[in-house]
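Below, each chain spelled out in residue letters.
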Amino acid sequence: MSAELWKEKLSPRISEQLAKEIDFFEAQIALRKVGKIDEKVFAETRLRRGSYGQRYDNGHRHDGLATQDLSYPTKLGDAALTKGPDTMWDAPGMQRIKIPYGALSPEQLELLADLAEEYSDGICHVTTRQDIQLHFIHIEDTPTIFRRLAAEGITTREACGNSVRNVTACPKAGICKGEVFDVTPYAKAAAYYLLGHPDTQDFGRKFKIAFSGCEHEACALVSIHDLGGIAATRVVNGKTQRGFKLFVGGGLGAVPHQAKLFEEFLPEEELLHVARAMGRVFARLGEKKNRNKARLKFLVQKLGIDEFRRVVMEERYAMPEDPNWRKYFDEIPKYEDKPSQQVVQLGIASQRPEGYDLWASTNVYEQRQAGYSLVTIALPLGDATSEQFRKLADIVRRYAGDHARSTVEQNIVLRWVPTGKLVDLYNELKPIGLAEAVAGTIVDVSACPGTDTCKLGIASSRGLAGELRQRLAAKSATLDEAVKSLRIKISGCFNSCGQHHVADLGFYGNSRNISGYTVPHFQVMLGGKWVENGGSYALALGAVPSKKIPELVDRITSRYVAEKINGETFQAFSQRIGKKALKEMIDEFTFVPAHSIDASFYSDWGDPRQYTIGDMGAGECAGEVVSHTQFGFTHAETEAFEAQLLLDDGDYRAADDRAYHAMLRAAKTLVQLQWPDVPPEPDIIVNEFARRFVEPKIFWDTYHAGQFANYLINRHEGPDTRFTRDTAHKLVEEANLFIDAAYKASAKYQQQQQQLLTAVVIPAPAGAAK
């Protein structure tokens, strides 16, 4: 059906306001095609509608040996038409679809299946924030996609961009045995009250919100969000009052921040007011010029939690009244979550098919409502085919009514399933490949898209996740129970979209230059705390070649089983044996054989090309320099690790100093590429580093600009004299990122030198043949 016919058919089912917004965006597409809208303006416009760029959309792709041009047909005059800076118009993109608190109806599942089949690659991808993503979407198809979604009550508005992103919540909300109360209606009220609100349109960066019904589980990960609410109650004049333990300023990314307590108890009627006031403060005082410092966590850090609280509460009572809040708040007590089917008695044990008992032990949760269960549908890497979603929609309709939700672990849960129908449900899920008995186990690895589709990906997170999943599944029956319950989370870069900081075993992609080749690596993070809403973060312990990670996982888990004491958790085990012992174990896996001996190390999982990040390393003529450089960087990494040990020991001042010297060592190593005899004085090193590597943009990131260089430059000007755990932890994280960036700068510089050498024309000897 054409776009015009879809518009005509669906217009009666779409609100007037939403229809106008989609029409407006469609007009902007037309204007951009004739050059009437600046590409930067159009880029922000489409991002606000959830339409992202995708890897290779700049019209180039490296084949492992050289960069090749990709031909796209649409032109603007003689040049290729773009939909943003260096983003070709016809290049496939990613469409993110907002699913507030993960709630999905059968009709919505069917629609998503249709859209993936008609406009995408037939895959519906569940993200770590309960969104749905479709990849390989053409920009000109998006208005029709938006209309079809809107007709089923779904919007993509503010799924991306500098806005309030999808509001997430515990998928067990309302049926969890340990919750204080059901947070679902509060998440819904916040999501739709803040959607498109005038006070949330001028942010410097994105703003993420999450709600949890209890403190001790991980379902909502409140601690990693800009604003997070944990259900709480108190008794006032003999009456129980609902409210929230409110946290602010959390976030992962390159340098993670643990959320700070904003209010021990915020009455429920204040929730929307305070969220709005916080948005106004963030819009007014948040960073706008430097995107790398523009998240709310940096504003909280800058002001301090006490001053931030004072400013927000002052704004709450000074801001103009907005009567619209009542429309959303008054819907909260009307919310009702109830089953669509009656309780069914359990069948006899002999009727249970092979594999059912194992599946029930991992994928079934007994609700607090007697006779009903929550069932987790484990999706490998968060992916489901259109056909699976279509069949799942029918299953949801017959077994769980409208009660399906996506989860932050990239799965789908069915709620209110009559316990007596579990066997029948299992028998229907198994033939369509949705009955894997892995939910909540180490096999159920989470990963971001990484180098598959993300422009920021450094290493193949999905490739590694798939490999680990396959290997662990093959031996899951023999795994120790303590190992089975561990979480593995993988990100393709340091930005933590895969939430590697809060995993038992976390990994994020980076690279190393080995004898002129760029080799995919993953930084290893151990001992993060998944429970207690992402209660604590792991620190980086060292980079390991991507192809050695599966062996490392085996080594770590085997040692945990052999040496754990009683019921010791992996986090407790990691703390007990200490980071020095963990580092020694990791170091066993860091060796990379020469390319001529084992070329497999020089390609990534699932990608036969010789690995590249667009910066090919220097050739053999720079071998001695590379060796010296590697020595210097190894020294820097060692100092960074020592800083972590000092941090663990509570010596925050010493940890700060050691992390600073780790960065200083890495900077000196870079300067020595140009000035081998650079003096050891810090002032000289930092000044020469800035002059020789930062100013000419060698130590520079395409998306983060000079952020990593500023970690050293700012610390060199003077330490944060509070010397708290938070300040020391921040600098240790920054030191690790600085060293990673130094590796890349070294490879970039050596490549430039090699290009200069090959560009020199050597004159032929006199009399030689021309």
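Our subject is the structure listed above.
Conventions used here
- Residues numbered from 1 in each chain as written.
- Predicted model: local features only at pLDDT ≥ 70, side-chain atom pairs only at ≥ 80, totals over all residues.
- Heavy atoms only, no water.
- Helix = DSSP H or I, 4+ residues; strand = E, 2+ residues; numbered from the N terminus.
- Buried < 20%, exposed > 50% of the residue type's maximum accessible area, 1.4 Å probe, protein only.
- Contact = heavy atoms within 4.5 Å.
- Lys, Arg positive; Asp, Glu negative; His and termini not counted.
- Charge placed at Lys NZ, Arg CZ, Asp CG, Glu CD.
- Core = buried A, V, L, I, M, F, W, Y, C linked by side-chain atoms within 4.5 Å.
- Expected span 1.5 Å × (residues − 1).
- Pairing = 2+ DSSP bridges.
- Axes fitted to C-alpha atoms, helices over the stretch in contact; angles between N-to-C directions.
- 1 Å grid on protein atoms, 1.4 Å probe; cavity = no way out; pocket = protein on both sides within 12 Å on 5 of 7 lines; lining within 4 Å.
- Points joined across faces, edges and corners; volume = space filled by probe spheres on them.
- Nonpolar A, V, L, I, M, F, W, Y, C, P; charged D, E, K, R; others polar.
- Disulfide = S-S within 2.5 Å.
- Phe/Tyr/Trp six-rings, centres within 6.5 Å; stacked < 30°, edge-to-face > 60°.
- Lys NZ or Arg CZ within 6 Å of the ring centre and 35° of its normal.
- Salt bridge = Lys/Arg side-chain N within 4 Å of Asp/Glu carboxyl O.
- Parallel < 35°, antiparallel > 145°, perpendicular 65-115°, else oblique.

Q: Would you mind going over the overall build of the protein chain with me for this structure?
A: Looking only at helices and strands, one finds 23 helices and 26 strands in the protein chain. Buried positions account for 58% of the 770 residues belonging to the protein chain. Within the protein chain, counting contacts between residues at least 6 apart in sequence, those at least 24 apart form 71% of the total. Separation of charge centres in the protein chain, based on 94 positive and 100 negative side chains, amounts to 2 Å.

Q: Where do I start with the nonpolar core in this structure?
A: Inside soluble globular proteins, nonpolar side chains tend to come together where they are buried. Formed by 58 residues in total, the largest nonpolar core has its most connected members in I377, F389, I412, L414 and L429. Broken down by element, the residue count for this core peaks at seven residues, all from helix α4 (residues 106-119). Those residues in contact with L429 that lie beyond four places of it in its chain are W359, I377, L392, I395, L434 and A435. A254, L647, L731 and Y749 belong to the second-largest nonpolar core, a separate cluster that totals 52 residues.

Q: Is there a simple way to explain helix α7 (residues 271-285) in this structure?
A: Every α-helix carries 3.6 residues per turn, so stepping three or four residues along brings you back to the same face. Look at α7: 21 Å from first C-alpha to last across 15 residues, which is about the 21 Å you get at 1.5 Å a residue. The element α7 is largely enclosed, with a buried count of 12 among its 15 residues. Taken together, the buried positions of α7 are occupied by L271, L272, H273, V274, A275, R276, A277, M278, G279, V281, F282 and A283.

Q: Which parts of the structure should I look at to understand the sheet that holds strand β19 (residues 383-385)?
A: Backbone hydrogen bonds are what pair the strands of a sheet, in a parallel or an antiparallel way. Read from one edge to the other, the open sheet built from five strands follows the order β1-β8-β11-β10-β19, with strand pairing classed as antiparallel. Every interior strand has two partners, whereas the edge strands, β1 (51-52) and β19, have only one. Inspection of the sheet shows β1 paired to strand β8 (residues 93-97) by two bridges, in the antiparallel sense. Looking at β8, one finds that S51 is bridged to Q95. Here α4 sits on the sheet in contact with β8, β10 (123-126) and β11 (132-137), set at roughly 15° to β11.

Q: Just to check I follow, could you spell out the layout of surface pockets for this structure?
A: Empty space among the atoms becomes visible once a probe the size of a water molecule is rolled across them. Put simply, the second largest pocket is a space of about 880 Å³. Taken together, 34 residues form the lining of the second largest pocket, with E217, E409, G440, R487 and W530 sitting closest to its centre. For the lining of the second largest pocket, the leading source of residues is helix α11 (residues 356-363), giving three residues. The residue makeup of the lining of the second largest pocket, split by class, is 15 nonpolar, 12 polar and seven charged.

Q: Any chance you could explain the state of the cysteines here in plain terms?
A: Linking two cysteines covalently through their sulfur atoms gives a disulfide. Considering all chains together, one arrives at zero disulfides under this definition. Note on C160: no disulfide assigned, nearest cysteine sulfur contributed by C497 at a separation of 11 Å.

Q: Is there a simple way to think about the pairing of strand β21 (residues 412-418) in this case?
A: Consecutive side chains along a regular strand alternate between the two faces of the sheet. Taking burial as the measure, the seven residues of β21 include seven buried ones, the bulk of the element. The sheet contact formed by strand β20 (residues 404-406) and β21 spans three bridges and is antiparallel. Its bridge partner being in β21, S406 is matched across the sheet by I412. Count of turn residues in the β20/β21 antiparallel hairpin: five residues, of which Q410 carries a positive phi of about 70°.

Q: Explain empty space enclosed by the protein to me, please; I cannot follow it from the model alone.
A: Under the criterion given, the structure shown has six cavities of 30 Å³ or more. Lining the largest cavity are K98, P100, T155, E158, V164, R165, N166, V167, A191, Y192, L194 and L195.

Q: Please clarify how helix α12 (residues 386-399) should be interpreted in this entry.
A: Taking 1.5 Å as the rise per residue, α12 with 14 residues should run 20 Å; its terminal C-alpha atoms sit 20 Å apart, in good agreement. Along α12, the positions that sit buried rather than exposed are S386, Q388, F389, L392, A393, I395, V396 and Y399. Where α12 terminates, the next one or two residues include G401, which has phi positive at roughly 60°.

Q: So what exactly am I meant to see when it comes to the pairing of strand β18 (residues 372-377) here?
A: Among the six residues that make up β18, six are buried, leaving the element largely enclosed by the rest of the structure. In β18, alternate side chains face the same way, and those of Y372, L374 and T376 on one face and S373, V375 and I377 on the other are all buried. Where strand β17 (residues 364-366) folds back on β18, the antiparallel hairpin that results is connected by five residues, among which G371 adopts a positive phi of roughly 90°. Sheet topology places β18 next to β21; five bridges connect them, and they run antiparallel. Paired with I377 across the strands is I412, a residue of β21.

Q: How should the environment of F699 be read in this particular structure?
A: Mapped onto the elements, F699 comes out in the loop between α21 (682-694) and α22 (707-717). The exposure class of F699 is buried, given its relative accessible area of 2%. F699 sits 42 residues away from A741 along the chain, and the two C-alpha atoms are 7.0 Å apart. When sequence neighbours within four positions are dropped, the list of residues in contact with F699 reads L670, F689, F693, V694, F708, A709, F738, A741, A742 and A745.

Q: Looking at this structure, I do not really get unusual backbone geometry. What am I missing?
A: When glycine is set aside, most residues are seen to have a negative phi, and most peptide bonds are trans. The backbone of S496 sits at a positive phi, close to 70°, despite the residue not being glycine. Structurally, the position occupied by S496 is in the loop between β23 (488-491) and β24 (505-514). A positive phi angle, close to 50°, is found at N566, a residue other than glycine. Looking at the element boundaries, N566 is found in the loop between α17 (549-563) and α18 (570-587).

Q: Before we go on, may I ask you to explain the packing of aromatic side chains in this structure?
A: Aromatic ring pairs are defined here through the distance separating the ring centres and the angle between the ring planes. Under the criterion given, the structure shown has 28 aromatic pairs. A ring pair is formed by F181 and F244, whose centres lie 5.6 Å apart and whose planes are at 80°; its orientation type is edge-to-face. You can see F181 sitting in the loop between β12 (168-169) and α6 (184-194) and its partner F244 sitting in strand β15 (residues 239-248), a full 63 residues away along the chain. Overall, the relative accessible area of 4% leaves F181 in the buried class. When the ring of W359 is compared with that of Y426, the centres are 5.1 Å apart and the planes differ by 50°; the resulting orientation is tilted. In this pair, W359 sits in helix α11 while Y426 sits in helix α13 (residues 422-429), placing the two residues 67 residues apart along the sequence. Across the pair, exposure class does not vary: W359 and Y426 are buried alike. The side chain of R61 reaches across the aromatic face of Y56, ending 5.0 Å from its centre. Against the face of Y52 rests R96, its NZ or CZ located 4.8 Å from the ring centre.

Q: Sorry if this is basic, but what is going on with the pattern of salt bridges here?
A: A full pass over the atoms with the stated rule returns 64 salt bridges. Its salt-bridge partner being D337, residue R415 comes within 2.5 Å of it at the nearest N-O pair. Here R415, found in strand β21, pairs with D337, found in the loop between α10 (325-329) and α11; they are 78 residues apart in sequence, far enough to count as distant. The residues R415 and D337 share a single accessibility class, namely buried. Two residues, R691 and E688, come together in a salt bridge whose shortest N-O distance is 2.7 Å. Within this pair, R691 and its partner E688 are both found in helix α21, separated by three residues, close to a single helical turn. Judged by its relative accessible area of 14%, E688 falls in the buried class. In the salt-bridge network here, residues are joined through shared partners; they are D114, E117, E387, R390 and K391.

Q: Just to check I follow, could you spell out the packing of α7 against helix α8 (residues 296-303) for this structure?
A: The geometry of a pair of packed helices is captured by two quantities: the angle between their axes and the separation between those axes. Two numbers describe how α7 lies on α8: the axes approach to 11 Å, and their chain directions differ by 80°. One way to sum up the angle between α7 and α8 is to call them roughly perpendicular. Residues M278, V281, F282 and L285 of α7 lie in contact with α8, whose contacting residues are L296, L299 and L303. Considered class by class, the residues forming the contact of α7 with α8 number seven nonpolar, no polar and no charged.

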